[in-house]
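Per-entry structural report
Listed here are the chains, written in short residue letters.
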Amino acid sequence: MHILLISACERRAVKRSRAILDSYAIRTGFRSWATPITLEGLRELRGLLKASATRQTAVACYRNEGRERMRLLWVVGARDSFGPEGHFPAGHTRRRAPPPFWLSIVGLLAQAAGLGHDLGKSGNFFADKLARAVAGGPPEADPVRHEWISMRLLQERRRGRDWGQAWSVLANKLPLGEPGGLEDTGIDSPQHALDYLIATHHRLFGPVKGNSSPTNDNHVQEAGRARELQPAGALPDDLLEGLERLQARLVRKAGERSPAFWRGAAILARAALILADHEVSARPWPGGVPGCGLYANTKEGAYDQPLDWHLRSVSGRAADFAWRLASLRLPGLATESVEHILAPAEEGGRFAWQNRAVAAVSALRERSEGGLLIFNIAATGAGKTLANAKLACALSPRPRFAIALNLRSLTLQTGDALADELGLGEDELATVIGDRSASQLHRAGKDADAAHAGAFATEGPATEYEAQGGAVELPEWMEVLTGRRPVLRSVIGAPVLVSTIDYLINAGEPGRQGHHVSALLRMADSDLVLDEVDSYEPDALVAVLRLVQVAGLMRRSVICSSATLPQPVAEAVFRAFRSGVAMRSALKERQASFGIAIVDDQTAPTTFSSDADLPGQFAEHVRRLLAVPRPAVRRAWVLPVSARSGAAFHEAIATAVARLHEAHAWNGPGGKRLSFGLVRVANISTAIATARALAQDFPQARVACYHAQEFRIQRHLKERRLDFLLNRKRGDGHIVQDAEIARLLAASTAPDLPFIVVATPVEEIGRDHDFDWGVIEPSSAHSIVQTAGRINRHRLRPVSEPNVAILQHNRRWLEGRSGEACFVWPGLESKSVEHRYSSPDLLTLLADADLDALDARLRLGQGRMAEDEDRILRARLREPLNILEASEEFRSQWMTQSFYRNYALRDETPCEAWRAECVEGAWVFRRQARAGETEPWLTRALAGEVPRLANDWLTWDLDELAASCARMDIAPAAGLELQVPRREERTELCWDRSFGFGVGAEARRGAS
């Protein structure tokens, strides 16, 4: 291609940019360059310009498309230096249009909240706390938090009381603890919106547990000390009068508005208030500013920032941040990247359905306002990942999107695969991971051998993040967030973000404060792609729905992707998105309407407006999809279990393994028959016990165990090998040529060699593996379909004999008591009888299922198991969806901490860390009581060890693992670490040297 480059750089950026441009192109003028260049060279040039970019940089690149057209490809640096189509300015005329009405209301709300948010710091409780801090005393919590007092003072002032009278009313236990009315009505007025912002700018309302309307539980610790409460000083009259004028102006200007209007305005204004409070509090106090004798905080043991100065400063910055947040526009994907992504698939080929989907969504966008809601229910292996990226590019003329994965930490090869498949440069795609060790292991694996490059994922809460790629020049005002956390420059700014959902979920979690604001900024200017949205447990799904609601509020689009997307989940996503759109529409005084599309790889797309009947449209589309005949690449049968015991459970699995290997083994070198089989079980203790039992029952086999409780380096090496061996898109040639496999085949004296992987649900999502056969301990119809999707995944060979066995019962039922929930942890059941399947017997639940063609139809169809799961999902989502929508009975519960704790993305069970260390030539174990914190590592003995078996597979001893850490430049302390749930009593950690670590009674039995 031929390109033209124009520079509008200023100051020092002129010299830097010229040096780069001169090395790639011929200078054709004082500020212009031209050259023929390849796509790879163009990406390299843009990357160099971005790496050296400052606020004075502005370089535009145009592609010559013939005699009559030059097309803008990208701008590095200040895009405002060029016109919308890349025109170089001949002159400047600055015109600033007045902000829309709704934005002026949000700004006023943030400004008023800023002026009143810390009124309670003028009380003696807070003043005494500051005095203790200055005197060097220990920190103590306030009996009543200052933000609660601020809200109550404001409410009493509205009732006509002066400053002294307002304090007198609060010096009484009952009035002090009153929320002030919004607990009954929710946010339905400017006054209630202001109260919400002020009271919750540090923490949400109570209760912390249970379910009720807002209470003072989170703010009032010692209500009995109310009589001690009094002002420590007076705030200037002009400040209090200014606050009253702002409130009056807000009420007068807003007029009568709906609760949806005020809820949407409050969400945006609260983020601006938090951002402003954070920025102002971090500022050095300009000395010499007269104060009122009251202070907002302390710094380095001395009083800092007069309270009135702090309030005025936060007020002004909050109004400014509200405008900036609502009008945020960051760079999208470059034109050549969009063109590459949207390049049509081969007509008549396997991925031709993507062309139909993109065309349908593009047409829908043309006739719709605001964001769209897309359901992608294409089959496993049909190319959903690339299709989602194409759909995201079709949704906007300036594509920016975030792909959210249901993993504790990002599986890093997802970002690599997207970069390769989509042709994105490092400056356009950022990947977010949970810890630095994961990144190092991943990079080391790629550098060591690209063909074996795998992924590494850690388990555990991730509140700090590390990102790769995506360096973007952000607006200067974002320095308040990115100054101390530079990682956010990539996370917020990159046109494409591939992330664990743990980061993005904070956009819908107002109690997460700074994390909430940074994620909200990402979602303010980014469409959302939810991968495997139906893989979340019902409580965790509610957290995902809160994120969907935020996307609707921000006028962004959402793509939900899953081959097994059930109708109750689709309806829940629709309701969450609709409620967000309703808030935005109320702000803009428009009708709440948006476009919806349903696409798959077999039938024509369905598009319609949100005014239509979504349940009916979705059901009809699924009916058409189920009617399409499909080849039988996975056949299954339900395997009876002879007795209600653990022994019968293992016996049934062994019977299935023998039958499946016999039916699906294939000839390798020397005439040896081999196969790769998956045994999916529900949890780690079962996996370890099952792997050991199979290794003993099949001494000729090689048995591996894949789960989360392993050393980091061990899991990385294991995933790396499985990713290589089980990538069978080009057949089995790489397997028989593999040195390890050839050695194991040659060493075996048996004619058959099964390779068996016993795995927990970590195998179900995100692993692109292709096994010959599988045995499934059932947890749900979804888990059956997802696990089966790892059988014959790449080769898609028609089979005449079953290659999947589904156990009649799961182990929890076989070893439990009658009447207890058994499809749980993982599973949909709960203690409530309403949330149970009609039977624990898979012979009953799957009696009407078509197991001769096992695919997504098992979950999407009208069989008994699918109907049970639909019923359970609807029942478990009924109340939280009403809270999310703030329906008539639940107007205010969305403001309480309990709503976010009861329906959290992750279990809050804390973890402890263990590591192996070599001390004077001997290996010892150390324990850290709270993983990732500053607690010391103490030497602890394991509760038991089980020696290795001769036929284990993908297992390395400690010396070998330490050597691998050294090769990959990973500290042994990081590579030889694992995390387990922390218990109240002392954790009994047992180590099966072949199959991993177990905790508790079952692990002790295995070690004895």
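Residues numbered from 1 in each chain as written. Predicted model: local features only at pLDDT ≥ 70, side-chain atom pairs only at ≥ 80, totals over all residues. Heavy atoms only, no water.

Side note on the overall build of the protein
Each helix and strand in the protein was counted, giving 38 helices and 30 strands. In terms of overall dimensions, the protein has a C-alpha envelope of 95 × 80 × 65 Å along the principal axes. Looking at the 1008 residues of the protein, the share that counts as buried comes to 59%. The long-range share in the protein, meaning contacts at least 24 apart out of those at least 6 apart in sequence, stands at 74%. When the accessible surface of the protein is split by element, carbon and sulfur atoms take 50% of a total near 39500 Å². Across the protein, the 125 positively charged side chains and the 124 negatively charged ones have centroids separated by 4 Å. (Helix = DSSP H or I, 4+ residues; strand = E, 2+ residues; numbered from the N terminus. Buried < 20%, exposed > 50% of the residue type's maximum accessible area, 1.4 Å probe, protein only. Contact = heavy atoms within 4.5 Å. Areas by Shrake-Rupley, 256 points an atom, 1.4 Å probe, with all protein chains shown as cover. Lys, Arg positive; Asp, Glu negative; His and termini not counted. Charge placed at Lys NZ, Arg CZ, Asp CG, Glu CD.)

Re the packing of aromatic side chains
Across all of its chains, the model carries 22 aromatic pairs by this definition. Taking 5.9 Å as the distance between ring centres and 45° as the angle between the ring planes, the aromatic pair formed by Phe-574 and Phe-594 counts as tilted. You can see Phe-574 sitting in helix α23 (residues 567-588) and its partner Phe-594 sitting in the loop between α23 and β15 (595-599), a full 20 residues away along the chain. Residue classification places Phe-574 among the buried positions, given a relative accessible area of 7%. Here the aromatic rings of Phe-676 and Trp-953 are separated by 6.2 Å at their centres, their planes lie at 50°, and the arrangement is tilted. Linking Phe-676 in strand β19 (residues 673-680) with Trp-953 in the loop between β27 (944-946) and α36 (958-967), this pair joins segments that are 277 residues apart in sequence. The ring of Trp-637 carries the charged tip of Arg-659 above its face, separated from the ring centre by 3.8 Å. (Phe/Tyr/Trp six-rings, centres within 6.5 Å; stacked < 30°, edge-to-face > 60°. Lys NZ or Arg CZ within 6 Å of the ring centre and 35° of its normal.)

Observations regarding helix α10 (residues 237-254)
The periodicity of an α-helix, 3.6 residues per turn, causes residues three or four positions apart to be oriented the same way. An ideal rise of 1.5 Å per residue puts 26 Å on 18 residues; α10 measures up with 26 Å between its terminal C-alpha atoms. Residues Leu-239, Leu-240, Gly-242, Leu-243, Leu-246, Gln-247, Leu-250 and Ala-254 constitute the buried set of α10. An end-on view of α10 places all buried positions within 160° of arc, on one side of the element. Residues Asp-237, Arg-245 and Arg-252 are exposed on α10 and point more than 90 degrees away from its buried face. Turning to α10, the residues buried within the fold contact α3 (101-116), α5 (146-158), α6 (163-170), α9 (190-199), α11 (259-282) and α12 (307-326). Looking one or two residues past α10, Gly-255 carries a phi angle of roughly 65°, positive in sign. (Expected span 1.5 Å × (residues − 1). Arc of directions from axis to C-beta.)

Some thoughts on the nonpolar core
Counting 196 residues, the largest nonpolar core has Tyr-196, Phe-375, Leu-530, Phe-676 and Trp-953 as its most contacted members. In terms of residues, this core owes the most to one element, α11, which gives 14 residues. With residues up to four places along the chain from it excluded, the contact list for Trp-953 reads Phe-676, Arg-702, Val-703, Ala-704, Leu-722, Leu-725, Glu-740, Ile-741, Leu-744, Phe-755, Ile-756 and Val-757. (Core = buried A, V, L, I, M, F, W, Y, C linked by side-chain atoms within 4.5 Å.)

Concerning helix α29 (residues 739-747)
Three or more residues of α29 are buried, namely Glu-740, Ile-741, Leu-744 and Leu-745. All buried residues of α29 project into a common sector of 130° when viewed along the axis, lining one side. The exposed residues of α29 that point more than 90 degrees off its buried face are Ala-739, Arg-743, Ala-746 and Ala-747. For α29, the elements touching its buried residues are β19, β20 (702-706), α27 (712-725), α28 (733-736) and β21 (752-759). Taking the backbone nitrogen of Glu-740 as reference, a side-chain oxygen 3.1 Å away marks Asp-738 as the first, capping residue of α29. (Polar contact = N/O pair within 3.5 Å; in protein donor to acceptor, adjacent residues only side chain to side chain.)

Describing the sheet that holds strand β29 (residues 989-992)
Strand order in the open sheet made by the three strands is β27-β29-β30, with mixed pairing throughout. The open sheet has two edge strands, β27 and β30 (996-999), and neither has a second partner. When strand polarity is set aside, the average angle formed by the axes of neighbouring strands in this sheet is 20°. Where β29 meets β30, four bridges bridge the pair, whose relative direction is antiparallel. For Cys-990, the partnering residue across the bridge sits in β30 and is Gly-998. Where helix α26 (residues 684-697) meets the sheet, it contacts β27, β29 and β30, and its direction lies at approximately 130° from that of β30. (Pairing = 2+ DSSP bridges. Axes fitted to C-alpha atoms, helices over the stretch in contact; angles between N-to-C directions.)

Let's talk about unusual backbone geometry
With omega at 5°, the peptide bond leading from Gly-206 into Pro-207 counts as cis. Considering the arrangement of structural elements, one finds Pro-207 in the loop between α9 and α10. Here the residue pair Trp-825 and Pro-826 is connected by a cis peptide bond, since its omega of 0° sits within 30 degrees of zero. Positionally, Pro-826 belongs in the loop between α31 (811-814) and α32 (842-845). Positive phi outside glycine occurs at Glu-589, with the angle close to 60°. With respect to the helices, strands and loops of the structure, Glu-589 is situated in the loop between α23 and β15. On the accessibility criterion, Glu-589 (55% relative accessible area) is exposed.

A short note on the pairing of strand β25 (residues 922-928)
For strand β24 (residues 911-919) and β25, the ladder comprises seven bridges, and the chain directions are antiparallel. Bridge pairing links Trp-914 to Arg-927 in β25. Hairpin remark: β24 followed by β25, antiparallel, with two residues in the connecting loop; positive phi at Glu-920, about 50°.

A closer look at the packing of α3 against α12
α12 packs onto α3 with a crossing angle of 155° between their chain directions and a minimal axis gap of 7 Å. Relative to α12, α3 is oriented roughly antiparallel. The hand of the α3/α12 crossing is right-handed. In this structure, α3 uses Trp-102, Leu-103, Val-106, Gly-107, Ala-110, Gln-111, Gly-114 and Leu-115 to contact α12, whose residues at the interface are Leu-311, Arg-312, Val-314, Ser-315, Ala-318, Ala-319, Ala-322, Trp-323 and Ala-326. (Parallel < 35°, antiparallel > 145°, perpendicular 65-115°, else oblique. Left-handed = near helix turned anticlockwise from the far one by under 90°.)

Things to note about the side chain of Asn-803
Note on placement: Asn-803 falls in the loop between α30 (781-788) and β23 (804-807). Accessibility expressed as a relative area gives 0% for Asn-803, which makes it buried. The contact partners of Asn-803, leaving out residues within four places of it in the chain, are Val-633, Arg-634, Arg-635, Leu-660, His-664, Asp-772, Trp-773, Gly-774, Ile-791 and Asn-792.

Re the sheet that holds strand β4 (residues 58-64)
One open sheet holds the five strands; their spatial order is β2-β3-β1-β4-β5, and the pairing between them is antiparallel. Two strands bound the open sheet, and with one partner strand each, they are β2 (26-27) and β5 (70-77). The pairing of β2 with strand β3 (residues 32-36) spans two bridges and is classified as antiparallel. Bridging across to β3, Ile-26 finds its partner in Ala-34. Those strands touched by helix α1 (residues 12-22) are β1 (2-7), β2, β3 and β4, and its axis lies near 25° from that of β3. Relative to β5, helix α2 (residues 39-51) is tilted by about 35°, and along the sheet it contacts β1, β4 and β5.

Concerning the packing of helix α14 (residues 353-366) against helix α15 (residues 384-394)
Pairs of packed helices are described in terms of their axes, by the angle between the two and the distance that separates them. Between α14 and α15, whose axes approach to 9 Å, the crossing angle comes to 25°. Here α15 runs roughly parallel to α14, going by the angle between their axes. For the crossing formed where α14 meets α15, the hand is right-handed. In contact with Trp-353, Gln-354, Asn-355, Ala-357, Val-358, Val-361, Ser-362 and Arg-365 of α14, α15 contributes Lys-384, Leu-386, Ala-387, Lys-390, Leu-391 and Ala-394. The class makeup of the residues in the contact of α14 with α15 is eight nonpolar, three polar and three charged. (Nonpolar A, V, L, I, M, F, W, Y, C, P; charged D, E, K, R; others polar.)

Comments concerning the confidence of the model for the protein
Regions with low pLDDT should not have their predicted coordinates read in detail. Predicted confidence across the protein gives a mean pLDDT of 90, with 93% of residues reaching 70 or more. Ignoring residues within four places in sequence, the model shows residues 446-463, a span with pLDDT below 50, making 50 contacts including any to other chains. (pLDDT = per-residue confidence, 0-100.)

A look at the side chain of Gln-305
Along the chain, Gln-305 turns up in strand β7 (residues 302-306). Ignoring anything within four residues of it in the chain, the contact list for Gln-305 reads Val-280, Ser-281, Arg-283, Trp-285, Tyr-295, Ala-296, Asn-297 and His-310.

Looking at the environment of Val-487
Mapping Val-487 onto the fold places it in helix α19 (residues 487-493). Exposure remark for Val-487: the relative accessible area of 18% places this residue in the buried category.

Description of the pattern of salt bridges
When the charged atoms of two side chains lie near each other, side chains of opposite charge can form a pair. On inspection of all chains with the given rule, the structure shows 74 salt bridges. A salt bridge links Arg-715 to Glu-719; the nearest nitrogen and oxygen atoms lie 3.0 Å apart. Placement of both Arg-715 and Glu-719 in helix α27 is noted, with a separation of four residues, approximately one turn of the helix. You can call Arg-715 buried: its relative accessible area is 5%. The exposure class of Glu-719 is buried, given its relative accessible area of 1%. Notably, a salt bridge pairs Arg-728 with Asp-772, separated by 3.0 Å at the nearest N-O pair. (Salt bridge = Lys/Arg side-chain N within 4 Å of Asp/Glu carboxyl O.)

Details of the environment of Gly-668
In this fold, Gly-668 is placed in the loop between β18 (666-667) and β19. A sequence separation of 331 residues divides Gly-668 from Ser-337, and the C-alpha atoms of the two residues are 43 Å apart.

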